[in-house]
Amino acid sequence: MQMTDLQIAKNNLSGHTICLCKNGECLYSEKKGIAPMMDFIASGANLEGYSVADLVVGKATALLFVKCGIKNVFAKTLSENGKKILERFGIDYEYETLAEKIINRAGTDICPMEKAVANTDDPEEAFLILENALKKIK
């Protein structure tokens, strides 16, 4: 039986933070948070129809997946808000752990990218908000 793109992405996630796969062809990143998706978008990569395995998927990442036309998602950790976005936009998903919210790297508060997109469910608007949020951090 042939493996699905999602199975291939899951199998190749080890050692990476994200693996995107389509027709057996995979893209990887070791960057954390929303950085990989922001990089793929900035590079002009066409990610329509890709399957994604990701370590952490919150609302911010889920909105970027919608923007890119991602087909299905596996998340080691999926936030409640991320799950709502995937469901709303009809993206199939699987997860290992469902978290109430995504916490920042210091473990002290909600992830700043999650906070940034708290008031939007629009993928294009979210992308612009996240771009600005990343510029402020740098």
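Residue numbers here run from 1 along each chain, matching the order of that chain's written sequence. With pLDDT at 70 or above as the cut-off, local features in this predicted model cover only qualifying residues; side-chain atom pairs require 80 or more to be listed or tallied, and sums for whole chains, interfaces and linings still use all residues. The basis for every side-chain value is the complete set of heavy atoms in the structure, and neither hydrogens nor water enter the calculation.

(A) Just the pattern of salt bridges, in detail. For salt bridges, the criterion is a side-chain nitrogen of Lys or Arg within 4 Å of an Asp or Glu carboxyl oxygen. Applying the stated criterion to the full structure yields 9 salt bridges. Across the pair K31 and D39 runs a salt bridge, and its minimum N-O distance is 2.7 Å. Between R88 and D121 there is a salt bridge, with its nearest N and O atoms 2.8 Å apart. Taken as a pair, R88 in helix α4 (residues 80-88) and D121 in the loop between α5 (112-116) and α6 (123-137) lie far apart in primary sequence, 33 residues in all. Residue R88 is classed as exposed on the basis of its relative accessible area of 54%. Residue class for D121 comes out partly exposed when judged on its relative accessible area of 32%. Taken together, the shared-partner salt bridges connect K59, R88 and D121 into one network. Under the DSSP-based scheme used, a helix requires at least four consecutive residues in state H or I and a strand at least two consecutive residues in state E, with every element numbered from the N terminus. Relative accessible area decides the class of each residue, using a 1.4 Å probe on protein chains only: under 20% of the type maximum gives buried, over 50% gives exposed, and in between gives partly exposed.

(B) Quick peek at the packing of aromatic side chains. Two rings from Phe, Tyr or Trp (for Trp, the six-membered ring) form a pair when their centres are within 6.5 Å of each other. A pair whose planes differ by under 30 degrees is stacked, one over 60 is edge-to-face, and the rest are tilted. Going through the model one piece at a time under the given rule, you end up with 1 aromatic pair. Each ring, one from Y93 and one from Y95, has its centre 6.3 Å from the other, and the planes form 15°; the classification is stacked. Residue classification places Y95 among the partly exposed positions, given a relative accessible area of 34%. By definition here, charges over rings are those cases where NZ of Lys or CZ of Arg is within 6 Å of the ring centre and within 35 degrees of the ring normal. The ring centre of F127 lies 4.7 Å from the NZ or CZ of K67, which sits over that ring.

(C) Broad picture of the nonpolar core. The term nonpolar core refers to a set of buried residues drawn from Ala, Val, Leu, Ile, Met, Phe, Trp, Tyr and Cys, joined through side-chain atoms within 4.5 Å. If you look at the biggest cluster of nonpolar residues, it comprises 33 residues, and the most contacted ones within it are L20, M37, L47, L64, F65, I70 and L130. Contributions of two or more residues to this core are made by β1 (18-22), α2 (35-42), β3 (51-57), α3 (59-68), β4 (72-79), α4 and α6. Of the residues forming this core, the biggest block, 7 residues, is contributed by α3. Not counting residues within four places of it along the chain, the set of residues in contact with L47 comprises L20, L27, M37, F40, C68, G69 and I70. With 9 residues, the next largest nonpolar core counts L6, L13, C21 and A53 among its residues. Any two residues whose heavy atoms approach within 4.5 Å are treated as being in contact.

(D) Spotlight on the sheet that holds β1. Taken together, the 5 strands give an open sheet; going across it, the order is β2-β1-β3-β4-β5, and neighbouring strands pair in mixed fashion. Strand pairing shows two members of the sheet lacking a second neighbour, β2 (25-29) and β5 (92-99), which therefore form its edges. When strand polarity is set aside, the average angle formed by the axes of neighbouring strands in this sheet is 10°. Pairing of β1 with β2, which is carried by 5 bridges, proceeds in the antiparallel orientation. When DSSP finds two or more bridges between a pair of strands, those strands are recorded as paired. Inter-axis angles, ranging from 0 to 180 degrees, are taken between N-to-C directions of lines fitted to C-alpha atoms, where helices are fitted over the stretch in contact.

(E) Quick peek at the layout of surface pockets. Cavity: a set of points on a 1 Å grid over the protein atoms alone where a 1.4 Å probe fits but cannot get out. Pocket: an open set with protein on both sides within 12 Å along at least five of seven lines, its lining residues, like those of a cavity, having an atom within 4 Å of a point. Grid points are joined across faces, edges and corners, and a volume is the space filled by probe spheres set on the points. Empty space within the largest pocket amounts to approximately 620 Å³. For the lining of the largest pocket, the secondary-structure elements that each account for two or more residues are α2, β3, α3, α5 and α6. The nonpolar class holds Ala, Val, Leu, Ile, Met, Phe, Trp, Tyr, Cys and Pro. Asp, Glu, Lys and Arg form the charged class, and all remaining residues, Gly among them, are polar. Split by residue class, the lining of the largest pocket holds 15 nonpolar, 5 polar and 6 charged. In this structure, the second largest pocket spans a volume of roughly 210 Å³. If you go around the second largest pocket, the residues you meet are K31, A35, M38, D39, A42, F127, E131, L134, K135 and K138. Elements with a contribution of two residues or more to the lining of the second largest pocket: α2 and α6. Taken together, the residues of the lining of the second largest pocket sort by class into 5 nonpolar, no polar and 5 charged.

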